[in-house]
Amino acid sequence: MSVSTPDVVLTVSGIGKTYAQPVLTGIDLTLRRGEVLALTGENGAGKSTLSKIIGGLATPTTGQMQFLGQDYRPGSRAQAEGMGIRMVMQELNLLPTLSVAENLFLDNLPGIGGWISRKQLRKAAIVAMAQVGLDSIDPDTLVGELGIGHQQMVEIARNLIGDCHVLILDEPTAMLTTREVEMLFEQITRLQVRGVSIIYISHRLEELARVAQRIAVLRDGHLVRVEPMANYNSEQLVTLMVGRELVEHIDMGAREIGAPALTVKGLSRSDKVRDVSFEVRTGEIFGISGLIGAGRTELLRLIFGADLADSGTVALGSPAQVVSIRSPVDAVGHGIALITEDRKGEGLLLTQSISANIALGNMPVISSGGIVDNNDEHALAQRQIDAMRIRSSGPGQLVSELSGGNQQKVVIGRWLERDCSVLLFDEPTRGIDVGAKFDIYNLLGELTRQGKALVVVSSDLRELMLICDRIGVLSAGRLIETFERDSWTQDDLLAAAFAGYQKHDALLNEAAPRDLP
Ligand SMILES: Nc1ncnc2c1ncn2[C@@H]1O[C@H](COP(=O)(O)OP(=O)(O)OP(=O)(O)O)[C@@H](O)[C@H]1O
Ligand SMILES: [Mg+2]
């Protein structure tokens, strides 16, 4: 029996969940009014499952919950939201063919007598978006046209609208850069002041230390600890989470940086990517940093032929040979791979098995004359499952049943088996736990030792500084500056990320001073 004190908003008692196997066991937890509780644990530990149970998206196999002193058994997400329990999911849940405004107010369209007033909708959307710093986006933009970072901000904004007692944020910052993270933190403080309780899930431990008052750690579906955050420094947090010590140091091994492998010259597409030139050598990791919307993903897509450039060239090898890349098929044919950030949209076939997904990029390896050999497909998948410690019941498990971080590993695993000389990684460790991140860094190191050239886009500056030989900073579509290893600081990189916008804004102001009120 739980004792209900006015301080406690939500009580979880003996909650368990079993699919084919138990994934959560005997979870006891209370959430206090106005607190931020950090929920952490390795990929597949059960964080999202617990969140979904609280948010009405999954039914527990055992246990009960109480909300504001009453029995709480949500039958659906809508029911939980109706009671003020809301959730920003790890996998985005927006409708790409609707506008930003429509997505924001989908369940709650402002209108008179059943008719939606466009004007009202626009106005309300502008207010909601300003809260998360998206005031530069027209609310009539289709969500599908936004980059994934902006989509995540819309998802967050959607959940800040209306009455809320409990807000669950499942990896809200996985695709956000420093500036957006700061805006989210401001909102969190505001909500706390209003008495909203927040469950905050993240693999970025430095964020947890900043926002949370208490920390709960899940390991293999068991809650191993709930304690005040102040009891831990960041190293202790890592040990607590992973159950072993990790050093924030990675040995990328002896490797040789050779001749240019990829040479990009003057690549441009509308105002998204402007006149970008750089080269990457064999055995080198070239990092790309920048704010959301700076053109990082767009640049990779241009190189890969997923979008077509207005001007500019991509050349391979040394001496550089310009290649014509009009589609991803051309790119793959030339030995270029793109590991996308949007695993749900572009990366994975969710309703298929791990082995089918890994085989997808590797048909020539395992098929002869168009016939896929199932044994080879399994062996291939098993190799990646072992190499990357993909947590699953085996190669036959459906990808939709994997945790978010493990899905990401499948996306990466697919390309590691393929013979590519240039690999473009877009947020490769998004949503991946600290321990597994180091597995991925080791894999990247292995690829460079094989003489491959790597381009890595990441929102995590510390990650780039850890693994890259050089870092180029994109700002408002331009490659503003390139830093050599050991000649960069976090401040330099950040300053460069903002530089393009200041110039851009200054130009705009110069061009149209009279139009300003
Ligand atoms: N529908 C399902 N069927 C079978 N197993 C499932 C299903 N959904 C989740 N699981 C399993 O439950 C376990 C916990 O998954 P969950 O998504 O809660 O992990 P997580 O802690 O959120 O991990 P991550 O950090 O990767 O997001 C995983 O082993 C996963 O494979
Ligand atoms: Mg999860």
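Details of the structure are given in the entry above.
The sections below set out a description of the structure shown in this document.

Calculation notes
Residues numbered from 1 in each chain as written. Chains lettered and ligands numbered in written order. Predicted model: local features only at pLDDT ≥ 70, side-chain atom pairs only at ≥ 80, totals over all residues. Heavy atoms only, no water. Helix = DSSP H or I, 4+ residues; strand = E, 2+ residues; numbered from the N terminus. Contact = heavy atoms within 4.5 Å. Polar contact = N/O pair within 3.5 Å; in protein donor to acceptor, adjacent residues only side chain to side chain. Near = heavy atom within 4 Å. Nonpolar A, V, L, I, M, F, W, Y, C, P; charged D, E, K, R; others polar. Donors = N, O, S within 2.8 Å, 3.2 Å for Na, K, Ca; no water. Buried < 20%, exposed > 50% of the residue type's maximum accessible area, 1.4 Å probe, protein only.

Summarising the element assignment, Ala-381 is placed in helix 14 (residues 374–388). Through-space distance from the C-alpha of Ala-381 to that of Ser-355 is 4.9 Å; in sequence the pair is 26 residues apart. Not counting chain neighbours up to four residues away, the residues in contact with Ala-381 comprise Ser-355, Ile-358 and Pro-395.

Among the structural elements, Glu-35 can be located in the loop between strand 2 (22–32) and strand 3 (36–40). A distance of 2.9 Å separates a polar side-chain atom of Glu-35 from the backbone nitrogen of Arg-32.

A word on the side chain of Ser-355. One can find Ser-355 in helix 12 (residues 354–359). Engagement of the side chain of Ser-355 in a polar contact is seen with the side chain of Ser-353, the distance being 3.2 Å. Apart from the residues within four sequence positions on either side, Ser-355 is in contact with Glu-377, His-378, Ala-381 and Pro-395.

A separate point is the site of ligand 1. Residues in contact with ligand 1 amount to 18 residues; listed here are only the nearest, Lys-47, Thr-49, Glu-401, Ser-403 and Gly-405. In this structure, an oxygen atom belonging to ligand 1 sits 2.8 Å away from a main-chain N or O atom of Gly-44. Gln-90 is positioned such that a nitrogen or oxygen atom in its side chain is 2.9 Å from an oxygen atom of ligand 1. Those elements giving two or more residues to the shell around ligand 1 turn out to be helix 1 (47–54) and helix 15 (404–416). For the shell around ligand 1, the element with the highest residue contribution is helix 1, accounting for three residues. Residue composition of the shell around ligand 1, by class: four nonpolar, 10 polar and four charged.

The next point concerns the coordination of the magnesium ion (ligand 2). Binding of the magnesium ion (ligand 2) to the protein goes through Ser-48 (OG) and Gln-90 (OE1), at separations of 2.0 to 2.2 Å. Of this pair, Ser-48 sits in helix 1 while Gln-90 sits in the loop between strand 6 (85–88) and helix 3 (100–104), and the two are 42 residues apart along the sequence. Each member of the pair, Ser-48 as well as Gln-90, is classed as buried.

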